[in-house]
Amino acid sequence: MADIIVKNAYVLTMDPDAGDLKNGTVVIEDGKITEIGEKTSESADTVIDAKHSVVMPGLVNTHTHAAMTLFRGYADDLQLADWLEGHIWPVEAKLTAEDVYKGSLLACLEMIKSGTTSFADMYFYMDETAKAVEASGLRASLCHGLIELWNEEKGEADLKEGKRFVRAWQGAADGRIKTMYGPHAPNTCSEEFLAKVREEANKDGAGIHIHLLETEAELLAMKERYGKCSVHLLEDIGFLGPDVLAAHCVWLSEGDIEILGKRGVNVSHNVISNMKLASGIAPVQKMLEKGVNVSLGTDGCASNNNLDLFEEMKTAALLHKVNTFNPTALPAQQVLQMSTVNGAKALGTETGMLKVGMKADLIVVDMKKPHLTPCFDVPSHLVYSARGSDVRTTIVNGKVLMDDYKVLALDEQKVMEEAQKAAEELVARVNA
Ligand code: NI
């Protein structure tokens, strides 16, 4: 007997070797997809009737700082330096471990409700984020942010904590948690420190999550310090590889794109954050043409201000069209691939596709809505018309986290109330 059967659904597999099914069934057992077809002879404890709905792989958010949900709407419409140094750093300085837990749990709740089944996170007090992931049922790749700032002592302490975290949580929560090293960025960590991080990551078989050329300021600072940009510096110290997840990648030259493609680096495109902070437009089409694995990320809620990947998909599709004066750029199917298949590849998880043998991370999107009627083309609707709030059921690792809009994994009201209270008290401490 199976655990879950999703029936009567439009099955969007995202599997290039298989088509979609207009009316199909997905069978789940022991956390994996065991059957996909028009009908099944199996029975299951849980049968989900997905009539008028699409079942598809859960979305993958490849760059965020979950606990920053507490700063949602706290500082908007500001210059980057003023935003960061005048507003974000002062509140971060007052954050407690408990705040990080409550903010991370709020992020997990928001992701479950908007169809994200796994995410990559970099922050501090990461044990708390890991506990929130464990409690929520989501899948995540987590790292402790390492900000050396040319201070050897701080670098050593950060690296020690990063390593402790990598070893403490690797494979935890039934394998839903993976750990990585998280050197913040090439303009906040020295060349020697970055080389050391690479060495430690190799020893532990862990990946590396880093911010890369988000701003022109980083590019200029790197050229002044080293006479070369961040990508060339990382290439020269043997840092780049297919286990590297690089967020932003806005200020890239043609040569940089070649290097990222050649080294198999995974890029997280954070379109809304880049627009909100006016950082620039990442050359996504050029990267895809050079074989770079480009996925989607929201970044933290201080620069987005939500974790809705449906919004991210639409914005990415539109921005690259107008930026290239080409309405055929980034078509819906390609954007869906970025948020599912490419995201899963970036995190190295067996998800991102509905395929027999893959882990059962999937969502059911309710298509019986005024803004989704009529429906000629499912990928088009998912990218251009649907919203995160159209997700009615979320399943991760074969467990139902939300069933027909009801979150089973967490107490929704309690999570929101506690986050609200933590955010208010945090701001009061900053202003005291
Ligand atoms: Ni970030």
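Fair warning: this is a prediction, and the values are worked out from it, not measured in the lab.

Examining the packing of helix H3 (residues 126–136) against helix H4 (residues 152–169)
So, step 1. Where H3 contacts H4, the two axes come as close as 11 Å, and the packing angle between them is 20 degrees. Relative to H4, the element H3 lies roughly parallel. Crossing of H3 against H4: the hand is right-handed. Of the residues in H4, those touching H3 at Met 126, Asp 127, Ala 130, Lys 131 and Glu 134 are Arg 164, Phe 165 and Trp 169.

A word on the domain arrangement of the chain
So, step 1. Split into domains, the chain comes out as domain 1 (2–57 + 358–406) and domain 2 (59–347).
So, step 2. Between domain 1 and domain 2, the C-alpha centre-to-centre distance is 28 Å.
So, step 3. With 25 residues of domain 1 at the contact, the number on the domain 2 side is 27 residues.
So, step 4. In total, domain 1 and domain 2 occlude about 2100 Å² of area from one another, counting both sides; carbon and sulfur atoms represent 67% of this.
So, step 5. When residues of domain 1 are sorted by the area they lose upon contact with domain 2, Met 14, Val 383 and Tyr 384 head the list and together hold 32% of the total.
So, step 6. For the interface between domain 1 and domain 2, the tally reads 1 salt bridge.
So, step 7. Of the charged contacts, one joins Arg 139 and Asp 361 as a salt bridge, the two residues approaching to 2.7 Å between their closest N and O atoms.
So, step 8. Run the count over domain 1 and domain 2 and you get 6 residue pairs in polar contact (both at pLDDT 80 or more).
So, step 9. Put simply, the parts of the chain that give the side of domain 1 that touches domain 2 at least two residues each are strand E5 (53–57), strand E14 (362–366), helix H13 (378–384), strand E15 (391–396) and strand E16 (399–403).
So, step 10. Broken down by element, the side of domain 1 that touches domain 2 gets its largest block of residues, 5 residues, from H13.

Let's talk about the side chain of Thr 69
So, step 1. Inspection of the secondary structure puts Thr 69 in the loop between strand E6 (59–64) and helix H1 (80–93).
So, step 2. For Thr 69, the side chain forms a polar contact with the main-chain oxygen of Gly 103, separated by 2.7 Å.
So, step 3. If we skip the residues at most four places from it in the chain, Thr 69 touches Gly 103, Leu 106, Ala 107, Glu 110, Cys 301 and Leu 307.

Digging into the sheet that holds strand E13 (residues 293–296)
So, step 1. With parallel pairing, 8 strands are arranged side by side in an open sheet as E6-E7-E8-E9-E10-E11-E12-E13. The two strands at the open ends of the sheet, each matched to only one other strand, are E6 and E13. Across this sheet, the average inter-strand angle for adjacent strands is 25 degrees, counted without regard to direction.
So, step 2. Strands strand E8 (139–146), strand E9 (177–183), strand E10 (207–212) and strand E11 (244–248) of the sheet are contacted by helix H5 (residues 191–204), whose axis makes an angle of about 160 degrees with E9.

A closer look at the state of the cysteines
So, step 1. Evaluation of the coordinates by the stated rule reveals 0 disulfides.
So, step 2. The thiol sulfur of Cys 108 is not disulfide-bonded, and the nearest other cysteine sulfur, from Cys 301, lies at 12 Å.
So, step 3. With a relative accessible area of 0%, Cys 108 lands in the buried category.
So, step 4. Of all cysteine sulfurs, the one in Cys 229 lies closest to Cys 249, which takes part in no disulfide; the gap is 10 Å.
So, step 5. A residue is classified by how much of its surface remains accessible, and Cys 249, at 0% relative accessible area, is buried.

Looking at the side chain of Asp 15
So, step 1. Structurally, Asp 15 is set in the loop between strand E1 (2–11) and strand E2 (21–29).
So, step 2. Although buried, Asp 15 forms no salt bridge, and the nearest oppositely charged side chain, Lys 355, lies 4.3 Å from it.
So, step 3. Of the polar contacts made by the side chain of Asp 15, one reaches the backbone nitrogen of Asp 17; its length is 2.9 Å.
So, step 4. If near-sequence neighbours (up to four positions away) are discounted, Asp 15 is found in contact with Met 353, Leu 354 and Lys 355.

Examining the coordination of the nickel ion
So, step 1. Around the nickel ion, the donor atoms from the protein are His 63 (NE2), His 65 (NE2), His 211 (NE2) and Asp 299 (OD), and they sit 2.1 to 2.5 Å away.
So, step 2. Around the nickel ion, the 4 donor atoms sit at angles spanning 84 to 172 degrees, and that spread fits a shape best called irregular.
So, step 3. The sequence pattern describing where the donors of the nickel ion fall on their chain is H-x1-H-x145-H-x87-D. Residue His 63 is located in strand E6, and its partner His 211 is located in strand E10; the two are separated by 148 residues in the primary sequence.

Considering the pattern of salt bridges
Opposite charge on two side chains allows them to pair when their charged atoms are near.
So, step 1. The full count for this structure, using the stated rule, is 23 salt bridges.
So, step 2. Here Lys 228 makes a salt bridge to Asp 236, at a shortest N to O gap of 2.7 Å.
So, step 3. Judged by relative accessible area, which is 51%, Asp 236 ranks as exposed.
So, step 4. With a shortest N-O distance of 2.8 Å, Asp 390 and Lys 369 are connected by a salt bridge. Linking Asp 390 in the loop between H13 and E15 with Lys 369 in the loop between E14 and H13, this pair joins segments that are 21 residues apart in sequence. Take Asp 390 and Lys 369: they sit in the same class, and that class is buried.

A short note on the packing of aromatic side chains
So, step 1. Counted under the stated rule, the structure contains 2 aromatic pairs.
So, step 2. Taken together, a centroid distance of 4.4 Å and an interplanar angle of 20 degrees make the contact between Tyr 123 and Phe 124 stacked.
So, step 3. Tyr 123 sits in the buried class, given a relative accessible area of 6%.
So, step 4. Under the relative-accessibility criterion, Phe 124 is labelled partly exposed at 25%.
So, step 5. What links up through ring pairs into an aromatic cluster is the set Tyr 123, Phe 124 and Tyr 125.
So, step 6. One residue, Arg 225, lies across the ring of Trp 150, its end atom 3.8 Å from the ring centre.

Quick notes on a negative patch on the surface
So, step 1. Taken together, the side chains of Glu 152, Glu 153, Glu 156 and Glu 192 make up a negatively charged region of the molecular surface.
So, step 2. The biggest single contributor to the negative patch is H4, with 3 residues.
So, step 3. Residue Glu 152 is classed as exposed on the basis of its relative accessible area, which comes to 60%.

Cut-off values and rules
Per chain, the residues get numbers from 1 upward, laid out in the order the sequence is written. Residue-level local features of this predicted model are given only where pLDDT is at least 70; pairs of side-chain atoms are given and counted only at 80 or more, and the full residue set underlies all totals for whole chains, interfaces and linings. The side-chain figures draw on all heavy atoms in the structure; neither hydrogens nor water molecules are used. Helix axes are fitted only over the stretch in contact, all axes being lines through C-alpha atoms; the angle between N-to-C directions runs from 0 to 180 degrees. For the purposes of this entry, the term helix denotes a DSSP run of H or I that reaches at least four residues, the term strand denotes a run of E that reaches at least two, and both are numbered from the N terminus. Just so you know how the angles are binned, under 35 degrees is roughly parallel, over 145 roughly antiparallel, 65 to 115 roughly perpendicular, and the rest oblique. Here a crossing is called left-handed whenever its near helix is offset anticlockwise from the far helix by less than a right angle, and right-handed whenever the offset is clockwise. We call two residues in contact when some of their heavy atoms are within 4.5 Å. Those domain boundaries reflect an automatic or database domain assignment. Buried area counts how much accessible surface, traced with a 1.4 Å probe, disappears from two parts once they are put together, with both parts' losses summed. Take a side-chain nitrogen of Lys or Arg and a carboxyl oxygen of Asp or Glu: if they are within 4 Å of each other, that pair is a salt bridge. In protein, a polar contact means a hydrogen-donor-capable atom and an acceptor-capable atom, both N or O and within 3.5 Å, with residues adjacent in sequence counting only if both atoms are side-chain atoms; elsewhere, any N or O pair within 3.5 Å suffices. Strands were regarded as paired on the criterion that DSSP finds at least two bridges between them. Two cysteine sulfur atoms make up a disulfide if the distance between them is within 2.5 Å. For every residue, the accessible area (1.4 Å probe, protein chains only) is compared with the maximum for its type, and the residue is labelled buried under 20%, exposed over 50%, or partly exposed between those bounds. In this tally Asp and Glu are treated as negative and Lys and Arg as positive; neither His nor the chain ends contributes. Water is absent from the atoms considered, so a metal site may look incomplete; donors are defined as N, O and S atoms within 2.8 Å of the metal, or 3.2 Å for Na, K and Ca. Sites are called tetrahedral only when four donors show all angles between 85 and 135 degrees, square planar or octahedral only when four or six donors show opposite pairs over 155 degrees and all other angles between 65 and 115, and irregular in any remaining case. Stacked, tilted and edge-to-face are the three classes assigned to paired rings of Phe, Tyr and Trp, where Trp is represented by its six-membered ring and a pair needs centres within 6.5 Å; plane angles under 30 degrees give stacked, over 60 edge-to-face, the rest tilted. Only when the NZ of Lys or the CZ of Arg is both within 6 Å of the ring centre and within 35 degrees of the ring normal is a charge said to sit over the ring. In this scheme, patches are assembled from residues that exceed 30% relative accessible area and form no salt bridge. Like charges are connected within 9 Å, while nonpolar side chains (Val, Leu, Ile, Met, Phe, Trp, Tyr) are connected within 5 Å. Only the protein chains shown count as cover for residues, with accessible areas throughout obtained via the Shrake-Rupley method and a probe of 1.4 Å. Lys charges are placed at NZ, Arg charges at CZ, Asp charges at CG and Glu charges at CD.

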